[in-house]
Amino acid sequence: MAVLHTKAVTVILSVTVLLGLLYLSQYYRSAVETTTFSQPGIDLHLESPEHLKYNQPSIVHGRTDVVTVTPWLAPVVWEGTFNPFLLDSIYKRKNITIAATVFAVGKYIMFLKDFLQTSEEHFFVGFRVDFYVFTDRPNEVPKVNMAAGRMLTVRSVPSSNRWQEISARRMEIIQNLIEKKLQNRADYIFCLDVDSKFHGRWGAESLGGLVAVIHPGYYRDDRSRFPYERSPASNAYVAPGEGDFYYCGGAFGGLVEEVHLLAKTCRKNFEDDAKRGIEAAWQEESHLNRYMWINKPSKVLSPEYLWQDFKPKNPEVQIIRFSGVIKNYANIRPN
Ligand SMILES: CC(=O)N[C@H]1[C@@H](OP(=O)(O)OP(=O)(O)OC[C@H]2O[C@@H](n3ccc(=O)[nH]c3=O)[C@H](O)[C@@H]2O)O[C@H](CO)[C@H](O)[C@@H]1O
Ligand SMILES: [Mn+2]
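Residues numbered from 1 in each chain as written. Chains lettered and ligands numbered in written order. Predicted model: local features only at pLDDT ≥ 70, side-chain atom pairs only at ≥ 80, totals over all residues. Heavy atoms only, no water.

The name given to the protein chain in an unreviewed UniProt entry is Globoside alpha-1,3-N-acetylgalactosaminyltransferase 1, like 2, with the source organism recorded as Astatotilapia calliptera. Under the UniProt heading Sequence similarities (unreviewed entry), the note attached to the protein chain is "Belongs to the glycosyltransferase 6 family." The protein chain has a UniProt comment under Subcellular location (unreviewed entry) that states "Membrane". (UniProt positions renumbered as here; feature names shortened; annotations may be inferred.)

The structure is reproduced here in structure tokens:
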């Protein structure tokens, strides 16, 4: 009887200890997960300096030629919908750091100088900005004078003989950058194509949880014409009659935490496809579009934020802020 009793006590004790350990490990894991990203809630509280003078806002006058809110009530950022001075005044107080990634692999290194130089003039001027340049030609990274508070880090990445691979691998590298370097070092991140230049302000109005840019090539089209991945076998599949907008692979961003989840998910889906011999129509852009359809962006940037130089300006586009340069694909791509 006493032996049985001792055994029962031992079993109960062991189970309790085990459950305790399990609880502690879960607690520790969630504690690690929730403390890895800096300034939680940074995006929610918008504190303005007292006595700031600016134009009175209106809810009856404003732009009528474009839609400025999505059906899930995310703002669509167009010129004339925001006050840059007010936004800067609010966001300057937050002491935020914005990271930006740009890839310049192989001959694409030739675009880096203009990209960086124009970013000094237009991209988050007056804010702390950390650029991360990924290249296989670190010696050819141009010297660009950067304002105080802005820095550039160069990281080596392998080349590839397929441009599709270079473009798509960005998700994996962005995921790793966030995990190994950016947690607690940056609040927001933008991931940008290098074959582009800034021509106008790109600032605090673009900040948000998950930020997508509407592709300039399709925004007036019916969604049946969007170049989504149309094969149900791919993880990037979007069925006809589904999807919201067609977003750019060449510019996206948001809170570091949100972009981490996006990059991790797109990378996994891309790699799962690859294992089955599938490559989505527009590589990581297709996976990004699928992701953004399910995980709605909390801020949507109009095509002002990624135009294409070869495209004539449409009347609703009052300013071009960032635009892809005209390039000769045969000359610069490895395949
Ligand atoms: C404006 C826009 O949304 N562009 C997207 C579009 O075509 P794009 O024609 O704009 O793609 P792209 O040739 O510019 O390649 C995307 C980016 O990958 C990098 N790169 C590419 C090739 C190379 O040899 N070296 C190199 O560094 C570079 O940063 C470049 O900007 O579709 C691609 C899908 O694959 C990407 O989603 C692009 O972001
Ligand atoms: Mn591009």
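Right, picking up where we left off after that structure.
**Topic: the overall build of the protein chain**
Within the protein chain one finds eight helices and eleven strands. The principal-axis extents of the C-alpha atoms in the protein chain amount to approximately 90 × 60 × 45 Å. Counting across all 335 residues of the protein chain, residues that qualify as buried make up 47%. Relative to all contacts within the protein chain whose residues are 6 or more apart in sequence, the contacts with residues 24 or more apart total 77%. (Helix = DSSP H or I, 4+ residues; strand = E, 2+ residues; numbered from the N terminus. Buried < 20%, exposed > 50% of the residue type's maximum accessible area, 1.4 Å probe, protein only. Contact = heavy atoms within 4.5 Å.)

**Points about the UniProt feature "binding site: an alpha-L-fucosyl-(1->2)-beta-D-galactosyl derivative" (unreviewed entry) in the protein chain**
Within this numbering scheme, the UniProt entry marks His215 and Glu285 as carrying the feature "binding site: an alpha-L-fucosyl-(1->2)-beta-D-galactosyl derivative" (unreviewed entry). Their sequence span is 71 residues, while the largest C-alpha to C-alpha distance among them is just 10.6 Å; these annotated residues converge on one region. Annotated residues from the preceding list that form part of the lining of the largest pocket: these are His215 and Glu285. Relative to the assigned elements, His215 resides in the loop between strand 7 (210-214) and strand 8 (247-255). By relative accessible area, which is 12% here, His215 ends up buried. (1 Å grid on protein atoms, 1.4 Å probe; cavity = no way out; pocket = protein on both sides within 12 Å on 5 of 7 lines; lining within 4 Å.)

**What to know about the nonpolar core**
Judged by nonpolar contacts, the single largest core of 45 residues is most densely connected at Phe123 and Trp202. Listing elements by their share of this core, those giving two or more residues are helix 2 (84-92), strand 2 (97-104), helix 3 (112-122), strand 3 (128-135), strand 5 (188-192), strand 7 and strand 8. If near-sequence neighbours (up to four positions away) are discounted, Phe123 is found in contact with Ala100, Thr118, Val129, Phe131, Arg150, Phe190, Leu192, Phe198 and Trp202. Listed in part, the 36 residues of the second largest apolar core include Ile189, Cys191, Met292 and Val300. (Core = buried A, V, L, I, M, F, W, Y, C linked by side-chain atoms within 4.5 Å.)

**Some words on the confidence of the model for the protein chain**
Of all residues in the protein chain, 90% have pLDDT values of 70 or greater, and the mean over the chain is 93. Per-element confidence in the protein chain ranges from a low mean pLDDT of 59 for helix 1 (residues 2-35) to a high of 99 for strand 9 (residues 299-301). (pLDDT = per-residue confidence, 0-100.)

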